[in-house]
Amino acid sequence: MEEEGREGSSDGSSDPHTGANGIPMESKLELFGFDSLVNILGLKSMTGEQIQAPSSPRGDGEDVAITLERPKDADVKLGTLMGVFLPCLQNILGIIYYIRFSWIVGMAGIWESLLLVAFCGACTFLTSISLSAIATNGAMKGGGPYYLIGRALGPEVGVSIGLCFFLGTAVAGALYVLGAVETFLDAVPGAGIFSKTITQVNGTDIGPIHQTSIHDLQIYGIVVTIILCFIVFGGVKMINRVAPAFLIPVLFSVFCIFIGIFVSGKDKPDEGITGLRLGTFRDNWGPDYQTTNSAGIPDPNGSVNWNFNALVGLFFPAVTGIMAGSNRSASLKDTQRSIPIGTLAATLATSGLYLISVLIFASFATREKLLTERLLTATVAWPLPAIIYVGIILSTLGAALQSLVGAPRLLAAIANDDILPVLNYFKVADGADPHLATLFTAFICIACVVIGNLDLISPTITMFYLLCYAGVNLSCFLLDLLDAPSWRPRWKFHHWSLSLLGASICIVIMFLISWSFTIVSLALASLIYKYVGIKGKAGDWGDGFKSAYFQLALRSLRSLGANQVHPKNWYPIPLIFCRPWGKLPENVPCHPKLADFANFMKKKGRGLSIFVSILDGDYHERAEDAKVACQQLSTYIEYKQCEGVAEIIVAPNMSTGFRAIVQTMGLGNLKPNIVVMRYPEIWRRENLTEIPATFVGIIDDCIVANKAVVIVKGLDEWPNEFQRQFGTIDLYWIIRDGGLMLLLSQLLLTKESFESCKIQVFCIAEEDADAEVLKADVRKFLYDLRMQAEVIVITIKGWDAQVDGGSQHDDSLEAFTAAQRRMAEYLSSMKEAAAREGRPTMRADGKEAIVNEQQVEKFLYTTLKLNSTILRYSRMAAVVLVSLPPPPSNHPAYFYMEYMDLLVENVPRLLIVRGYSKRVVTLFT
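Overview of the structure. Given the structure is predicted, the values throughout are model-derived calculations rather than measurements.

With that settled, consider empty space enclosed by the protein. For the structure on display, the rule yields three cavities of 30 Å³ or more. What lines the largest cavity is simply Asn91, Phe165, Thr169, Gly321, Met323, Ala324, Asn327, Gln402, Ser403, Gly406, Tyr465 and Tyr469. Of all the elements in the fold, those that place two or more residues in the lining of the largest cavity are α7 (155-187), α15 (386-416) and α17 (458-482). Taken together, the residues that form the lining of the largest cavity break down as five nonpolar, seven polar and no charged. The computed volume of the second largest cavity comes to approximately 40 Å³. Along the walls of the second largest cavity sit Phe597, Phe600, Met601, Leu744, Leu748 and Leu911, which together make up its complete lining. At the level of elements, α21 (592-600) and α25 (740-749) are the ones that each hand at least two residues to the lining of the second largest cavity. Its residues placed into classes, the lining of the second largest cavity shows six nonpolar, no polar and no charged.

Here it is in structure tokens:
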């Protein structure tokens, strides 16, 4: 079977279901698509074909992938010991233990030193637990903490924290190199090229003191960085050979320190060293914070004041480095096993070493000796102090090596996700070494080495580490709290409360160290976040925020219930009908002004719009067309900056599709409550005879479904947000609509385009005597609604007079006459058809039509009177709102379109509104 697979793969055009001789292969599971399952599980890669790398999700629907060769068997993969434990141990156990830890014990005393170690160790321990949980929740690519944070908190947060962590790791490599070089020059003064020997200070003869030159630090630092880069370029094999050579002497030096302490009671290597004594332990139990000079020597006139907060900032770098193993996740055999065990083992081992060292250091030397002897560990080390110098140099070089290994891989992982185009130069194939990223990291290290003095930016490095640790803890907290079905980590010893505690400790430590550097690091991360949001390519990684939004939406939807929404909490949720009629280019998914109008219906942009389009045809045949159309419509909505979603429906015809939409769209109280569409002005000009029946059917469906309707006439002339309008917003309030027309006019006033307009409300009174009463009632009603508007009452008699005299309304009368003629012709054709077919009743739109000709004449005349009134009072209005008359039962749809055409005649910009049974405004607070 394997041979057949190889032969089949030799020809890219061969069918995967055919054998070597072109004979169809028999599959007992053909019904279930067994061959597809084989391909999904990756067994196809056994044929030697090229493998498609996992793609980076894009917002534009593209999959950006790198075609890679199948990984070679010769590629070296690391286990738990070499891949995680040793790198973490090398990064954690550094120079601070040798030259500052005994001083910290002398300053803080035993119990505060134990508290200090426990506090800082708890931060890294809780972070390691969170890291273990996330790392065991599925396959993990390269990138370490960036990959974990990005997939949990989203690409913006992941890239911002990832780049900060990269910068911190790269600059930390320079700090380690400088520490190693400085220790070497102190141990071997003769190696200095530019060093000076000082014999007098202010005219006083002193012993020869060798002063290290900054130029020596720069030269040796550059050379060491280049040597380490050559080791990194040697690949994983070279690193595996060199790393133990750095670590073993370090562990041996620690062993020598403990041996020297145990024998110090007999040897008495220096004054102040008492050996392990209970009295010394008691004397060093409490803290003794003092003022020191810049070298840390107690001085009453010194410039440095020490307290517990300052010691946290000094000691915390001694526990960092727990991400060294996860940074190399792409080189591990089994990330889900190696990262938890290796990271936690290194964290517990070093924390245990620090706790034991606190008790031992405080028991063998006086406080004065602890505070004045900088290299007390070298003084007490057995058998020679030189062992400690070797340990310091190799520990710092090992940490620098791990920084130069981890930082480039982190940068390459960020580049491979294709979020920031500026990082495309650092992309690498899966399994390949990031040589260009290594050169860039080395350049940063060398630049920092040339600076020489990094005291000003070294606290920022610690802040970047803490920011990364807080991101890991928050990621685990969010994923654990949401507990999505996909959250199934193999590491079971975790809880969201522990992650939240870990994140809180990280933030507290940041502010304890320096609130100013905390603000600087957070500002830098925020700038990167903003830059990624502007310039980055959108990606959807299924991050925790999306899950949180989903659960929040579900909870909010359940809390809303299915009961009627109170008017005070009513929001318009318009259903925008994109292409019901009218001819638009194929690549234009919606009328350009519909989204503008949808935004005008919302106060400060709050609210949801649902953009819907209907494709005619069979769903199975047009499913792919629907997906493409939905993508185009979503892009249009995003371009118009409208808060909304796109939906595409495939139906046999528009009427059927809209009926399905109006019944099923939405959930609970988040169903659309207003249907918005443009008026079909072209139906007569283009002779689109099917439009009347569709138009009337949509309105009838909205009435039955209790949806409000807003029909926009003159959509082409609707203003955008930059076109300021003047004049009035005129409301012709004829029927009770729950206050929707009044509310729409107020929403229009909140937009810059209409904020200079005033509202006029026109009401219709039966008799003259009712006019003043009606006017007073409407004014009082508007006042209680907190709406300012001028009220104008028109009586039926005045209405009739203006039409009868209408010399100034010849256009309306001409349209009225033309409508009468067309309706008479249409009625005559229906009668002839009924007589020809031998039917007793007329039919229109596929159903029986009972036409009362006097009623038709009355409806037409009423429409004429309303149109004449609008033209008389509102010819210069910015926009006119008028109540939508419902389609008369048993009247042909053609007749209703004639009524509507006469109503909108010569009115340039008109909103035809029909409310529903629910009130959308209230008088009460």
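Our focus in this paragraph is the nonpolar core. Counting 148 residues, the largest nonpolar core has Tyr97, Phe101, Leu311, Phe315 and Tyr354 as its most contacted members. Broken down by element, this core gets its largest block of residues, 17 residues, from α7. Among all residues touching Tyr354, those that are not within four sequence positions of it are Ile92, Leu93, Tyr97, Phe101, Val117, Phe315, Ala318 and Val319.

Let us now look at the side chain of Ser329. Mapping Ser329 onto the fold places it in the loop between α11 (308-315) and α12 (335-364). When its relative accessible area of 2% is taken as the criterion, Ser329 is described as buried. Setting aside anything within four residues of it in sequence, one finds Ser329 in contact with Met140, Lys141, Gly142, Gly143, Gly144, Thr335 and Ile339.

A separate point is the packing of α17 against helix α20 (residues 544-560). Look at α17 against α20: their axes get within 10 Å of each other, and the N-to-C directions meet at 35°. Relative to α20, the crossing made by α17 is left-handed. Contact with α17, carried on its side by Leu478, Leu479 and Leu482, involves Gly544, Phe545, Ser547, Ala548 and Gln551 of α20 and no other residues of that element. Among the residues forming the contact of α17 with α20, the class breakdown is five nonpolar, three polar and no charged.

Here is what the cut-offs are and how they apply
- Residues numbered from 1 in each chain as written.
- Predicted model: local features only at pLDDT ≥ 70, side-chain atom pairs only at ≥ 80, totals over all residues.
- Heavy atoms only, no water.
- 1 Å grid on protein atoms, 1.4 Å probe; cavity = no way out; pocket = protein on both sides within 12 Å on 5 of 7 lines; lining within 4 Å.
- Points joined across faces, edges and corners; volume = space filled by probe spheres on them.
- Helix = DSSP H or I, 4+ residues; strand = E, 2+ residues; numbered from the N terminus.
- Nonpolar A, V, L, I, M, F, W, Y, C, P; charged D, E, K, R; others polar.
- Core = buried A, V, L, I, M, F, W, Y, C linked by side-chain atoms within 4.5 Å.
- Buried < 20%, exposed > 50% of the residue type's maximum accessible area, 1.4 Å probe, protein only.
- Contact = heavy atoms within 4.5 Å.
- Axes fitted to C-alpha atoms, helices over the stretch in contact; angles between N-to-C directions.
- Left-handed = near helix turned anticlockwise from the far one by under 90°.

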